[in-house]
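# Examination of the molecular architecture
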Amino acid sequence: MNEKDRGIIQLICGIPIILANGIVLHILWKYINVSVPEIILMLNLSSADILVGIILIWQAIFNLVGYLRDLPGVCIFRFSSMVFVSFASLFAVLLTAFERLLCVCYHGKYTTVTRKKTVAFVFGTWVYCALLTMWPVVTKQFEMTANNTGCMPPREYTIFIPVQYFVILFSMCAMYVMMCQAAVTKRRQIVSIESNLVLNSRLMKFRHELRAAKFMAVILVIFMFCWTPFAISLVYQASTTKLNELLIHISEISAFFGVLNSFANPIVYPLQNRRFRNATFQIFGRIKRRFAKPQQDTFCTVI
């Protein structure tokens, strides 16, 4: 795969990501109360994913325009910017899943999750991603090629990146197990209840927790499908001393799989929110009524 083909693929991936997350941001900001912690985290996730699309467009421009690709320092900028937005998206997914865990398993203490605390956590993750990205840049640990057009991060850094991913993955798996345990516990309580009034209340909570557990399972499957190949390829790159063409192609393909997660997020996360679904249906209903052709009355004359 040459640079132009890579740039075309990045354009094809970047434009839908920007459009999908842009629609989500518009709906969340205009039609839904953004002071709710859940909506703040969705805004954070969509913002991180839309940055992924923007960086992909920049990457495509660098690949398609030859003289930009050959400028000194461009390789470091491309690598660092992609690492920054990717980790911002990953931690946004983690925060959103953690909020669902608190809502389901610790419903009585969920009121302690305020807007200020949510914004503080979001800001902290962005600062952490920035520090993580700037670490090899500030310490000047990139290995440059002879013509200063190519670069390679230090081996410790290429190991640290997949370690961060697996920590996030294991955390999400633990959240899924806790949600399933909460659903099973609620199910056992339902079986032992005889009062219909209490039974209906517990049954509604059980359905809510079961739905959240299923949603978490979908998140895990998409998350693992998109990012695990890229993390494994990074581990293998760090463990080997020579990179052949096959390994480079596998790394590129796995990186595109990771990018697809930013396209899946605006489909999976907002649609599980009832307020977002209602706002979406309301918008599409207005569009349908606006472009619908008025029906002409038909008259039948009887002689």
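Here the structure is a predicted model, which is why all the values come from computation and not from measurement. (Residues numbered from 1 in each chain as written. Predicted model: local features only at pLDDT ≥ 70, side-chain atom pairs only at ≥ 80, totals over all residues. Heavy atoms only, no water.)

### Description of the overall build of the protein chain
- The secondary structure content of the protein chain amounts to nine helices and two strands.
- Tracing the protein chain from N to C terminus, the helices and strands come up as α-α-α-α-α-β-β-α-α-α-α.
- When the 303 residues of the protein chain are sorted by exposure, 43% land in the buried category.
- Taking all contacts inside the protein chain whose residues are at least 6 apart in sequence as the whole, residues at least 24 apart take part in 78%.
- With an accessible surface of roughly 17800 Å², the protein chain has 68% of that area assigned to carbon and sulfur atoms. (Helix = DSSP H or I, 4+ residues; strand = E, 2+ residues; numbered from the N terminus. Buried < 20%, exposed > 50% of the residue type's maximum accessible area, 1.4 Å probe, protein only. Contact = heavy atoms within 4.5 Å. Areas by Shrake-Rupley, 256 points an atom, 1.4 Å probe, with all protein chains shown as cover.)

### Things to note about a nonpolar patch on the surface
- On the surface, Ile8, Ile12 and Leu64 cluster together into a nonpolar patch covering about 270 Å² of accessible area.
- With respect to the helices, strands and loops of the structure, isoleucine 8 is situated in helix α1 (residues 3-31). (Patch = residues over 30% accessible without salt bridge, like charges linked within 9 Å, V, L, I, M, F, W, Y side chains within 5 Å. Salt bridge = Lys/Arg side-chain N within 4 Å of Asp/Glu carboxyl O.)

### Re the side chain of serine 89
- As for its position among the elements, serine 89 is in helix α4 (residues 74-105).
- Look at serine 89 and you get buried, because its relative accessible area is 1%.
- Here aspartate 49 takes part through its side chain, which lies 2.6 Å from a polar atom of the side chain of serine 89.
- Ignoring anything within four residues of it in the chain, the contact list for serine 89 reads Leu45, Ala48, Asp49, Val52, Ser262 and Asn265. (Polar contact = N/O pair within 3.5 Å; in protein donor to acceptor, adjacent residues only side chain to side chain.)

### Some details on the UniProt feature "transmembrane region" (unreviewed entry) in the protein chain
- When the UniProt feature table is mapped onto this chain, "transmembrane region" (unreviewed entry) is found at residues 6-29, 41-61, 76-98, 119-137, 157-179, 212-234 and 246-268.
- Within the segment residues 6-29, helix and strand shares are 100% and 0% respectively, and the terminal C-alpha atoms sit 34 Å apart.
- Note that residues 41-61 is 100% helix and 0% strand, and that its end C-alpha atoms are spaced 30 Å apart. (UniProt positions renumbered as here; feature names shortened; annotations may be inferred.)

### A word on the confidence of the model for the protein chain
- Scored by pLDDT, the protein chain comes out at a mean of 75, with 72% of its residues at no less than 70.
- Of all secondary-structure elements in the protein chain, the lowest mean pLDDT belongs to helix α3 (residues 66-69), at 62, while helix α5 (residues 115-138) reaches the highest, 86.
- A low-confidence stretch, residues 295-303 (pLDDT under 50), is modelled with zero contacts involving residues beyond four sequence positions or located in other chains. (pLDDT = per-residue confidence, 0-100.)

### Observations concerning the environment of leucine 260
- The topology assignment puts leucine 260 in helix α8 (residues 245-271).
- Using a relative accessible area of 40% as the deciding quantity, one classes leucine 260 as partly exposed.
- The spacing of leucine 260 and tryptophan 227 is 33 residues in sequence and 9.1 Å in space, taken between C-alpha atoms.

### Considerations on the nonpolar core
- Residues Phe87, Met172 and Phe223 are the most contacted members of the largest nonpolar core, which totals 34 residues.
- Sorting the residues of this core by element identifies α2 (37-64), α4, α5, α6 (155-191), α7 (196-239) and α8 as the ones contributing at least two each.
- Contacts of phenylalanine 223, omitting those with residues within four sequence positions, involve Leu90, Val93, Tyr165, Ile168, Leu169, Met172, Thr228 and Asn261.
- Counting residues in hydrophobic clusters, the runner-up holds 13 residues, among them Val36, Met42, Phe276 and Ile283. (Core = buried A, V, L, I, M, F, W, Y, C linked by side-chain atoms within 4.5 Å.)

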